[in-house]
Amino acid sequence: MRNLNHETITDAVLQRQAATDNPRLKRIMESLVQHLHAFAREVNLTEAEWQQGIEFLTRCGHITTDRRQEFILLSDVLGLSMLTVAMNHDKPAECTEATVFGPFHVDGAPHYDPGADISNGARGVPCLVRGTVRGLDGSPVVNASIDVWQSDEEGLYDVQHADIDHAQARGILHPDAEGRYHFRSILAVPYAIPHDGPVGDLLKATGRHPWRPAHLHFMIEAPGYETLITHVFRGDDAWLDSDAVFGVRQSLIADWKEQPDGTYLVEYDFVLNPSS
Ligand code: BEZ
Ligand code: FE
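Residues numbered from 1 in each chain as written. Chains lettered and ligands numbered in written order. Predicted model: local features only at pLDDT ≥ 70, side-chain atom pairs only at ≥ 80, totals over all residues. Heavy atoms only, no water.

(A) Main features of the coordination of the iron ion (ligand 2). Taken together, the protein ligands of the iron ion (ligand 2) are Tyr-157 (OH), Tyr-191 (OH), His-215 (NE2) and His-217 (NE2), with distances of 1.9 to 2.1 Å. Considering all 6 donor atoms around the iron ion (ligand 2), the spread of angles at the metal, 55 to 162 degrees, places the coordination shape in the irregular class. Sequence spacing of the donors to the iron ion (ligand 2): Y-x33-Y-x23-H-x1-H. Residue Tyr-157 is located in the loop between β2 (145-149) and β3 (170-173), and its partner His-217 is located in strand β7 (residues 215-221); the two are separated by 60 residues in the primary sequence. His-217 matches Tyr-157 in its accessibility class, with the two residues each being buried. (Donors = N, O, S within 2.8 Å, 3.2 Å for Na, K, Ca; no water. Tetrahedral: all angles 85-135°; square planar, octahedral: opposite > 155°, others 65-115°. Helix = DSSP H or I, 4+ residues; strand = E, 2+ residues; numbered from the N terminus. Buried < 20%, exposed > 50% of the residue type's maximum accessible area, 1.4 Å probe, protein only.)

See below:
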């Protein structure tokens, strides 16, 4: 293969990788190469522009640590995370919808008893969260593990605070025999996703804001059910229609009720999809 030009190079790459053993990888790589090349042709990509692209990706790599994941952020703001969620969670309408995972989940969060305060020192207005976890047939999912995480009143997760080295406003709980769960935490507030790095520069250059509407994150796992990764959003939030990462679904919006003592209450019932 010599003297390849802009018309013949795509087929040359496809032929070169034609021996890929894994059929799924082969399919993905073929499509990736075709679409990447088509994109470069469509916009008449210059060498200087591609160099800028490489520098952008390099900055994403350099800023990524075990506490900050710029590539997840990039996927989120490009809508790719939500696209893959939307394509992969076809389930009955009665089931709770999934949304983006985001970069701030931490494995091995502390386990809490029902009713415990998971804020563990995180600052914010006290909030009680309660509801049920049930299957499609309405039966309680008693052996579910409910992994919750959220930001504090500054809109920051514990891992974003350089001076905090323990879990705050995150934890794992289990429902009771009727599928009911409840825990205390703090009021979720809207926050800006990290925008002091390359993804922030991209948002700025494309005239976008970095805000997410207030939400709690949930990951609910139970034997016999599909794992549910989702949020519960605050219904009074101004950013619901322009979430920076496109994660809002109407069915995930709840009414967070202010109580006479100034604390808040939010109730949300989850319905899990049985695994096939
Ligand atoms: C989050 O909700 O934690 C999140 C999701 C996507 C990007 C940044 C943050
Ligand atoms: Fe979040």
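On we go from here.
(B) Inspection of the environment of Arg-184 at higher detail. Relative to the elements of secondary structure, Arg-184 occurs in strand β4 (residues 180-186). In contact with Arg-184, not counting residues within four places along its chain, are Gly-115, Ala-116, Asp-117, Ile-118, Ser-119, Cys-127 and Leu-128. (Contact = heavy atoms within 4.5 Å.)

(C) Inspection of the site of ligand 1 at higher detail. In the vicinity of ligand 1, the residues found are Leu-73, Asp-76, Gly-102, Pro-103, Phe-104, Tyr-157, Tyr-191, Ile-193, Arg-212, His-215, His-217 and Val-245. At 2.6 Å from an oxygen atom of ligand 1 is found a side-chain nitrogen or oxygen belonging to Tyr-191. Within the side chain of His-217, one N or O atom sits 2.9 Å away from an oxygen atom of ligand 1. With the chains in place, 100% of the 260 Å² that ligand 1 exposes on its own is no longer accessible. Of all elements in the fold, only α4 (70-77) and β7 reach the threshold of two or more residues within the shell around ligand 1. Class assignment of the residues belonging to the shell around ligand 1 gives a composition of 7 nonpolar, 3 polar and 2 charged. (Near = heavy atom within 4 Å. Polar contact = N/O pair within 3.5 Å; in protein donor to acceptor, adjacent residues only side chain to side chain. Areas by Shrake-Rupley, 256 points an atom, 1.4 Å probe, with all protein chains shown as cover. Nonpolar A, V, L, I, M, F, W, Y, C, P; charged D, E, K, R; others polar.)

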